[in-house]
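Fold and geometry: a report
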Amino acid sequence: MTRVALITTGGTIAMRHDAAQGGAVPQLGVRELLSGLSGLPEVEAHEFCNLPSAHLTLDHLWGIRRLARDLIQQDETAGVVITHGTDTLEETAYLLDLTVDSPKPIVLTGAMRTASEVGYDGSANLAAALRVAAAPQARELGALVVLNDAIHAARWVTKAHTTSLDTFQSPGWGPLGRVNGDAVEIGYRVQRDIIPTERLEPHVGLLRLAVGQDESLLRVMRQSGTWGVVLEALGGGRVPPWWMPTIVEAIQQGLWIVVASRCPSGTVHDRYGYVGAHRDLVAAGALFSNGLSGAKARLRLMAALGASPDAARVRGWFPLPSPAG
Ligand code: ASP
């Protein structure tokens, strides 16, 4: 029998309605999560915390990462499954993908319905995740997200719907594979990269741009000791012209700026000649997210700044996209 390590952290998968609190709250422990499941790999369970994912801090994320890394290094462990609230699941998944260097799968799962609701999806999702974590064909794919029988790469996956059971999508790529009964089917494989770090730089923020928005928040962040800012910019990574002087000055003063896109898929580079387009941001010394969402690019910058104070190394983890033809 293959053994899978299970780490529980909370989320809707562990929730049921509590009349005293007037809504669903995390209550289920490992025993309840696993009850009724059979024909699955042997499980070694660790209760890390029992929180909604909006309550998780960077310290929680790093603690989950440390526990997952320690468990995955054990010879008897085929893979790790983490139950997690779906609201920030993609961020924990990407952090693990980026910082745990192991061929064994780390699989995150959750649920969209509580155990008090008809059609609770937690048991089916957990069973599927355990199967994927034990599957040899899921090795070398980094961290994976398994819900609703779809298998997604941590790098691309996002929560795309507030309530649908099929909420996790990989826009522009699609799922890597599917769980079909007890079979784990992988359709294509991803290349991953690792930033070898033992800490995250916490002072990194995320700003989303909107039409006509002023740049005052960027100035506030720069003045308040922030080390890095990810700009979720417009389209292929463009900013309004009035942002450029603040961006140029901030980078000159040592602030790291990474440009991501507020589009759900696609990389950031273009051939436009107007002010605030890719050419200007490259000249200013900005970094680019290479198709990562703003939230994931933020974690990547935190890991890069935590790994090294050396500017050339940090830049090396954000290679410039190839120039538009
Ligand atoms: N509010 C929940 C959480 O992220 C949502 C979920 O788990 O689906 O913890």
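The coordinates are above.
Conventions adopted
- Residues numbered from 1 in each chain as written.
- Predicted model: local features only at pLDDT ≥ 70, side-chain atom pairs only at ≥ 80, totals over all residues.
- Heavy atoms only, no water.
- Salt bridge = Lys/Arg side-chain N within 4 Å of Asp/Glu carboxyl O.
- Helix = DSSP H or I, 4+ residues; strand = E, 2+ residues; numbered from the N terminus.
- Buried < 20%, exposed > 50% of the residue type's maximum accessible area, 1.4 Å probe, protein only.
- Pairing = 2+ DSSP bridges.
- Axes fitted to C-alpha atoms, helices over the stretch in contact; angles between N-to-C directions.
- Contact = heavy atoms within 4.5 Å.
- Left-handed = near helix turned anticlockwise from the far one by under 90°.
- Nonpolar A, V, L, I, M, F, W, Y, C, P; charged D, E, K, R; others polar.
- 1 Å grid on protein atoms, 1.4 Å probe; cavity = no way out; pocket = protein on both sides within 12 Å on 5 of 7 lines; lining within 4 Å.
- Points joined across faces, edges and corners; volume = space filled by probe spheres on them.
- Core = buried A, V, L, I, M, F, W, Y, C linked by side-chain atoms within 4.5 Å.
- Near = heavy atom within 4 Å.
- Polar contact = N/O pair within 3.5 Å; in protein donor to acceptor, adjacent residues only side chain to side chain.
- Areas by Shrake-Rupley, 256 points an atom, 1.4 Å probe, with all protein chains shown as cover.
- Sits in = over half its atoms within 2 Å of the grid points.

1. A few points about the pattern of salt bridges
Per the counting criterion, the structure on display carries 15 salt bridges. Arg-300 is the salt-bridge partner of Asp-193, the closest N and O atoms lying 2.5 Å from each other. Separated by 107 residues along the polypeptide, Asp-193 in the loop between β12 (183-186) and β13 (204-208) and Arg-300 in helix α8 (residues 294-307) bring together distant segments of the chain. The exposure class of Asp-193 is partly exposed, given its relative accessible area of 28%. Judged by relative accessible area, Arg-300 falls into the buried class, the value being 6%.

2. So, the sheet that holds strand β7 (residues 143-147)
Strand order in the open sheet formed by eight strands is β4-β1-β5-β6-β7-β8-β11-β12, with mixed pairing between adjacent strands. Across the chains shown, the open sheet's two edge strands, defined by having one partner strand only, are β4 (42-51) and β12. Direction aside, neighbouring strands of the sheet carry axes that sit 25 degrees apart on average. Bridge analysis of strand β1 (residues 3-10) against β4 gives seven bridges, and the strand direction is parallel. When the bridges of β4 are listed, Ile-7 appears paired with His-46. Helix-sheet contacts for helix α2 (residues 58-72) involve β1, β4, β5 (77-83) and β6 (106-109), and the interaxial angle to β4 is about 170 degrees. Seen against the sheet, helix α4 (residues 122-134) touches β1, β4, β5, β6, β7, β8 (150-153), β11 (177-180) and β12 and runs at an angle of roughly 150 degrees to β5.

3. Regarding the packing of helix α3 (residues 89-99) against α8
Where α3 contacts α8, the axes come no closer than 9 Å and their chain directions differ by 40 degrees. Taken as a pair, α3 and α8 cross one another with a handedness that is right-handed. For the pair formed by α3 and α8, the contact residues are Glu-90, Glu-91, Tyr-94, Leu-95, Leu-98 and Thr-99 on the first element and Ala-295, Lys-296, Arg-298, Leu-299, Arg-300 and Ala-303 on the second. A per-class count over the contact of α3 with α8 returns six nonpolar, one polar and five charged.

4. Some words on the layout of surface pockets
By volume, the largest pocket amounts to about 410 Å³. For the lining of the largest pocket, the elements supplying multiple residues, two or more each, are α3, β9 (158-159) and α8. A per-element tally of the lining of the largest pocket places α8 first, with three residues. Looking at the lining of the largest pocket residue by residue, the class counts come to nine nonpolar, seven polar and eight charged. Thr-12, Met-15, Thr-86, Asp-87 and Lys-159 are the residues nearest the centre of the second largest pocket, which is lined by 15 residues in total.

5. Details of the nonpolar core
Residues Val-81, Val-107, Val-132, Leu-144, Val-146 and Ile-151 are the most contacted members of the largest nonpolar core, which totals 29 residues. By residue number, the principal contributor to this core is α4, which donates seven residues. The contacts of Ile-151, once residues within four sequence positions are left out, are Val-132, Leu-144, Val-145, Val-146, Pro-175, Leu-176, Gly-177, Arg-178, Val-179, Val-184, Glu-185 and Ile-186. Residues Ala-260, Leu-287, Leu-292 and Val-314 belong to the second largest nonpolar core, which totals 26 residues.

6. Quick look at the site of the ligand
Around the ligand, the neighbouring residues are Gly-11, Thr-12, Pro-52, Ser-53, Gly-85, Thr-86, Asp-87 and Ala-111. Residue Thr-12 places a main-chain N or O atom 2.9 Å away from an oxygen atom belonging to the ligand. Calculation on the ligand without its partners gives an accessible area of 260 Å², and the protein chains cover 85% of this total. The cavity that encloses the ligand is the second largest pocket. When its residues are assigned to classes, the shell around the ligand shows two nonpolar, five polar and one charged.

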